Each structure stands twice: as structure tokens, then as C-alpha cells.
Amino acid sequence: MNRANSHALFNRAAQVTPGGVNSPVRAFRAVGGDPVFIERGEGAYLTDVDGNRYLDCIGSWGPLLMGHAHPRIVAAITAQLAKGTTYGAPTALEAQLAEEICAAVPSVEMVRLVSSGTEATMSAIRVARGYTGRNKIVKFEGNYHGHADFLLAKAGSGVATLGLPECAGVPVAVTADTITLPYNDISAVLELFENYSAEIACVILEPVVGNMGCVPPAKGFLETLRDVTQKSGSVLIFDEVMTGFRIAYGGAQTKYGVTPDMTTLGKIVGGGLPLGAYGGKREIMQVVAPLGSVYQAGTLSGNPIAVSAGLAMLSLLKEGGAALYERLEEIGERVAESFRESARNENIPVIVNQVGSMLTVFFTEAKEVTDYASAKTSDTARFAKWFRALLDSGIYFPPSQFEAAFLSAIMSDSDIEHLTNSARSAFQSLASH
Ligand SMILES: *Cc1c(COP(=O)(O)O)cnc(C)c1O
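Calculation criteria
Residues numbered from 1 in each chain as written. Predicted model: local features only at pLDDT ≥ 70, side-chain atom pairs only at ≥ 80, totals over all residues. Heavy atoms only, no water. Helix = DSSP H or I, 4+ residues; strand = E, 2+ residues; numbered from the N terminus. Rg over C-alpha atoms; globule rule 2.2 N^0.38 Å. Buried < 20%, exposed > 50% of the residue type's maximum accessible area, 1.4 Å probe, protein only. Contact = heavy atoms within 4.5 Å. Areas by Shrake-Rupley, 256 points an atom, 1.4 Å probe, with all protein chains shown as cover. Domains from an automatic or database assignment. Buried area = accessible area lost by both parts, 1.4 Å probe. Salt bridge = Lys/Arg side-chain N within 4 Å of Asp/Glu carboxyl O. Polar contact = N/O pair within 3.5 Å; in protein donor to acceptor, adjacent residues only side chain to side chain. Nonpolar A, V, L, I, M, F, W, Y, C, P; charged D, E, K, R; others polar. Pairing = 2+ DSSP bridges. Near = heavy atom within 4 Å. Axes fitted to C-alpha atoms, helices over the stretch in contact; angles between N-to-C directions. Phe/Tyr/Trp six-rings, centres within 6.5 Å; stacked < 30°, edge-to-face > 60°. Lys NZ or Arg CZ within 6 Å of the ring centre and 35° of its normal.

## Quick notes on the overall build of the chain
Working step 1: Helix and strand content of the chain: 14 helices and 14 strands.
Working step 2: Compactness check: the chain gives a C-alpha radius of gyration of 21 Å against a globular reference of 22 Å for 433 residues, within 12% of the reference.
Working step 3: In terms of overall dimensions, the chain has a C-alpha envelope of 60 × 55 × 45 Å along the principal axes.
Working step 4: Across the 433 residues of the chain, 57% fall into the buried class.
Working step 5: Taking the contacts inside the chain whose residues are at least 6 apart along the sequence as the reference set, 73% of them involve residues at least 24 apart.
Working step 6: As presented, the chain carries roughly 17,400 Å² of accessible surface, and 52% of it is formed by carbon and sulfur atoms.

What follows is the structure in C-alpha cells.
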């Protein structure tokens, strides 16, 4: 595959932007080589600046459950554009999106719109602290909740991909109240709450992790968290920025039947535009200004273009209904099973974790991948080779062992076959080296 134009653009961009990219994992550092510069996206496919076409298994890292440039989303954006791009004043659209979110997500009775997932999680934590009058927060290793200072302790996503032990520029004092536990470790949670119950403002987690690769919650993990937080008066926050509207229309909380106190959203809810949201019980959300004393604001919050895109996305998903989510689960299982079989045929040890349309192939000899420690046993060099073989066969897969791949609802059976055939060849090429 010729990627001369991407290469030239990367060299140009690298002169004026750190690493040539505006978000670290896009740089392909962990897999060697330069990033692919994109010219356009249509449906399930991306076309790069050299005219190469790829089946997109990243979907802009989560938002594009209905693919690129879906006509209904494009129409909604276009219609709003002609009426102005921002007002700094409330609109009917915002009330409508808030109603849709409250109706969809069991834990959400009131919601505030923001412009990114990072803003959603940092605001939710401020609210949890303001509401409880406590300082300590609990997060889990390998979970990523955006790049707010106090959440960058043992974080997943790009922090994991680049193998950064800690983030420079974050004073120790800022993470002093951040307690980090291993994911899925029920006894560690119980022990912590025995000792610090009265000091813990909130527990935040990805109810299905995507940001150390896909790791589902162990049986009883979410239930235990619900139980201990309820008893201690701490706020349980599900960070559903990735899983919201993806694992199920109502998020992972509907799939697993555990209702947190607060939920953060982003990615899909913005229909491909910058939009996030945090919400929860009315009693908790009433501490947010101007009702209460927890301040949080944003010039472009509830931006009408982003809200229009989000509304169009949610209406598509509602129309798709149960059938759409069953299809996602079905293609997810089909891809995961095919990957396992292809790896087995070449005697390459892998663990494939999959929940609905999220999946990760861990190149590890571990028996299972349930937390950050087991994810880290992966052979990242081997993953990188597999990734490059996929890329050269026209599959745009996450360039990191520690990111989930995303399938989209508009992928056809022949797209799925293209993916599984390419992966089989990629496993074969690993075996023959
Ligand atoms: C992507 C992500 C975030 C951060 O969202 P941004 O829009 O990138 O700021 C937070 N939490 C989770 C679980 C995410 O996947």
C-alpha cells in the first residue's frame, strides 16, 4: 500500500504539532510507522490521502456507531447550520436531548450537557464531592476517564499505550485523594470500604472497560460496588462515555441491571460532534449551579449543531431498536470467534474479549484478561505486527494493544467477512515469521 502522501503530511504536521497529532494514540507510536491521514469517511469505510480504502474498526474511537456521514445525521447538522452555530442561550433542542437521555439511561433524572467526555467525568466528580462533602475518589487501574489531572493516576488508553508510569505535570498533591484499585478485584474494594468508607466521595469506573482493551466486569463486581457505595453514602459513577448507547441503548447499566447514582456520557451521544453529558439522581444533580453551589459552565455547552447531531443519532438507534443491538452482539461474537479460531490454527496464544460491538485481541499466554495486570502480559510487538498486516489489507484497527476495536451497526456481512479473512491472513503471516 502506498502511503506517500500520509508520510509527507505527517512530517509536515510533526513540525508544528506534538507528535503530528491532536490526541496521542492517533500517532501509531506503539505499532511503529506513521499515522494514516484521512481524506474522507463514508459509511463503514475511510479513504486516506493516498486513495487507500479501509474498513473502519475504530469509528473515531467510539462515536460512529452508525458509520461516517450518515445521511440523517448530515441532514440534521446541515439544517441547524443555516440557523446559526451557537447562541450562548438555551434552545428547545437541548431540552429534547436531555429528555432523550433521561428516558434512555436508568440512573439519569437530570443531565447537564458539556463538550467532551473529559469534561463530563471531571464535572461529575466535582458534583459527587460537593454532594457528599468528601474528598477521596476511587478509580480502577487501566480505566480511562479523560485527562483531568486527578484522574491520570494509573490511567488506561493513551497513558497505557505509551507505557507512561505517571503523567508529568500533575502535582502529587492533586492525585493524593485518588485511590486506585485493580479492576474486578472485589476483595480489594471490600477492604478499602472497611477502612475508608466515610471518606469516599465516589467510585468511578468503566462498567465494561474499553481503555485497557475490552475487559468485561466480573460476575458480582458491579453489584458489589453498588452495595458498598450505597452503604457508605458514596456516589457510584458509571463512566459510560464509551459504553453509553453502544453496549445497549441505555448503556452497560441496562445490560447488567445495576443502576449507579451518576452516569457520564460522550462519544455516541454527540453523533460524531464534540458533546458530552453527566447526569444522575435529581437530588444529586440539584447541587449543580445555578441550583446549587457546585460550579460548572461552558461557552459551547449544549452547542446546537452537536445537539442536533446527537438527536439524529439517538433517533436512528431508537428506530433500530432491539434488532440493531442484537445485530451488534451477533457480529461481535462472529468476529471474536473467528479471530480465536484463526489464532488457534496458527498456534498463536490469544485471549479475545468481546462485549457487543467492542472487542480486543490480547496477544497473551494468560488464561484470561480481567484487569490491567493481565492485559499487560500481552506481547505488544506481536500485536504491532498483526496490526500492520491488517492495515495493509485495508483494515483500520486500533493501533494499540490497549484499545478496544469498535464494530458499527452499518457493517454488512461482506464487511465482516473482509475483516475476518484479513485477520486470518494476518495471523498466518505472524506464524510464518
Ligand atoms: C473517551 C473516554 C473519555 C474521555 O472522553 P473525551 O471526549 O475524549 O474527553 C472518558 N471516559 C471514557 C470511558 C472514555 O472512553
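## Re the domain arrangement of the chain
Working step 1: Along its sequence, the chain is organised into domain 1 (4–69 + 322–431) and domain 2 (71–315).
Working step 2: For domain 1 and domain 2, the distance between their C-alpha centres works out to 25 Å.
Working step 3: Taken together, the contact pairs 35 residues of domain 1 with 34 residues of domain 2.
Working step 4: Carbon and sulfur atoms supply 66% of the area buried between domain 1 and domain 2, which totals about 2,600 Å² over both sides.
Working step 5: Counting the contacts that link domain 1 with domain 2 gives zero salt bridges.
Working step 6: In this structure, the connection of domain 1 to domain 2 is made through nine residue pairs in polar contact (both at pLDDT 80 or more).
Working step 7: Of all elements in the fold, only helix H11 (304–345), strand S11 (351–355), strand S12 (358–362) and helix H12 (372–375) reach the threshold of two or more residues within the side of domain 1 that touches domain 2.
Working step 8: Residue composition of the side of domain 1 that touches domain 2, grouped by class: 22 nonpolar, eight polar and five charged.

## Structural notes on the pairing of strand S6 (residues 178–181)
Working step 1: Burial along S6 is two-sided: the face carrying Thr178 and Thr180 and the face carrying Ile179 and Leu181 are both buried.
Working step 2: Inspection of the sheet shows strand S5 (residues 136–140) paired to S6 by four bridges, in the parallel sense. Across the sheet, the residue bridging to Ile137 is Thr178, located in S6.

## What to know about the site of the ligand
Working step 1: Surveying the vicinity of the ligand reveals the residues Ser116, Gly117, Thr118, Tyr144, His145, Gly146, Glu206, Asn211, Asp239, Val241, Met242 and Lys267.
Working step 2: In the environment of the ligand, an oxygen atom lies 2.6 Å from a nitrogen or oxygen atom belonging to the side chain of Thr118.
Working step 3: Lys267 is positioned with one of its side-chain polar atoms (N or O) 2.6 Å from an oxygen atom of the ligand.
Working step 4: Isolated, the ligand exposes 380 Å² of accessible area, and the fraction of that covered by the protein chains is 83%.
Working step 5: Here the shell around the ligand is built from residues that sort into three nonpolar, six polar and three charged.

## Concerning the sheet that holds strand S10 (residues 276–280)
Working step 1: Across the sheet, seven strands lie side by side as S4-S10-S9-S8-S7-S5-S6; this open sheet has mixed pairing. Each of the sheet's edge strands pairs with one partner strand only, and the pair in question is strand S4 (110–114) and S6. Strand after strand, the sheet turns through a mean of 20° between neighbouring axes, direction not considered.
Working step 2: With three bridges connecting them, strand S8 (residues 235–239) and strand S9 (residues 262–265) associate as parallel partners. Across the sheet, residue Ile237 finds its bridge partner in S9, namely Met262.

## Remarks on the pattern of salt bridges
Working step 1: Applying the stated rule across the entire model yields 14 salt bridges.
Working step 2: Its salt-bridge partner being Lys231, residue Asp227 comes within 2.9 Å of it at the nearest N-O pair. Of this pair, Asp227 and Lys231 both sit in helix H8 (residues 221–232), four residues apart, which is roughly one turn of that helix.
Working step 3: Judged by relative accessible area, Asp227 falls into the partly exposed class, the value being 36%.
Working step 4: By relative accessible area, which is 68% here, Lys231 ends up exposed.
Working step 5: We note a salt bridge from Glu330 to Arg334, for which the minimum N-O separation is 3.0 Å. Linking Glu330 with Arg334, this pair stays in helix H11, spanning four residues, or about one helical turn.
Working step 6: Connected through salt bridges with shared partners, the residues Arg327, Glu330, Arg334 and Asp413 form a single ionic network.

## Digging into the environment of His145
Working step 1: With respect to the helices, strands and loops of the structure, His145 is situated in the loop between S5 and helix H5 (158–161).
Working step 2: Each C-alpha atom of the pair His145 and Thr224 lies 21 Å from the other, and the pair is 79 residues apart in sequence.
Working step 3: Leave out the neighbours within four places in its chain, and His145 touches Thr118, Thr121, Lys139, Leu151, Ile204, Leu205, Glu206 and Asp239.
Working step 4: Looking at His145, its side chain comes within polar contact range of the side chain of Asp239, at 2.7 Å.

## Concerning the packing of aromatic side chains
Working step 1: Counted by the stated rule, this structure contains 16 aromatic pairs.
Working step 2: Cluster of aromatic residues (ring-pair linked, three or more members): Phe28, Tyr54, Phe339, Phe363, Phe383, Trp386, Phe387, Tyr396, Phe397 and Phe427.
Working step 3: The side chain of Arg129 reaches across the aromatic face of Phe150, ending 5.3 Å from its centre.
Working step 4: Here the guanidinium or amino end of Lys255 rests over the ring plane of Tyr256, the centre of that ring lying 5.7 Å away.

## Some points on unusual backbone geometry
Working step 1: Residue Pro290 follows Ala289 across a cis peptide bond; omega there is 10°.
Working step 2: With respect to the element layout, Pro290 can be found in the loop between helix H10 (282–285) and H11.
Working step 3: Its identity as a non-glycine residue notwithstanding, Trp61 has a phi of 70°, on the positive side.
Working step 4: Position of Trp61 among the secondary structure elements: in the loop between strand S3 (53–56) and helix H2 (71–81).
Working step 5: Non-glycine residue Asn184 carries a positive phi angle of around 70°.
Working step 6: Considering the arrangement of structural elements, one finds Asn184 in the loop between S6 and helix H7 (186–196).
Working step 7: Asn184 gets classed as buried once you look at its relative accessible area, which sits at 13%.

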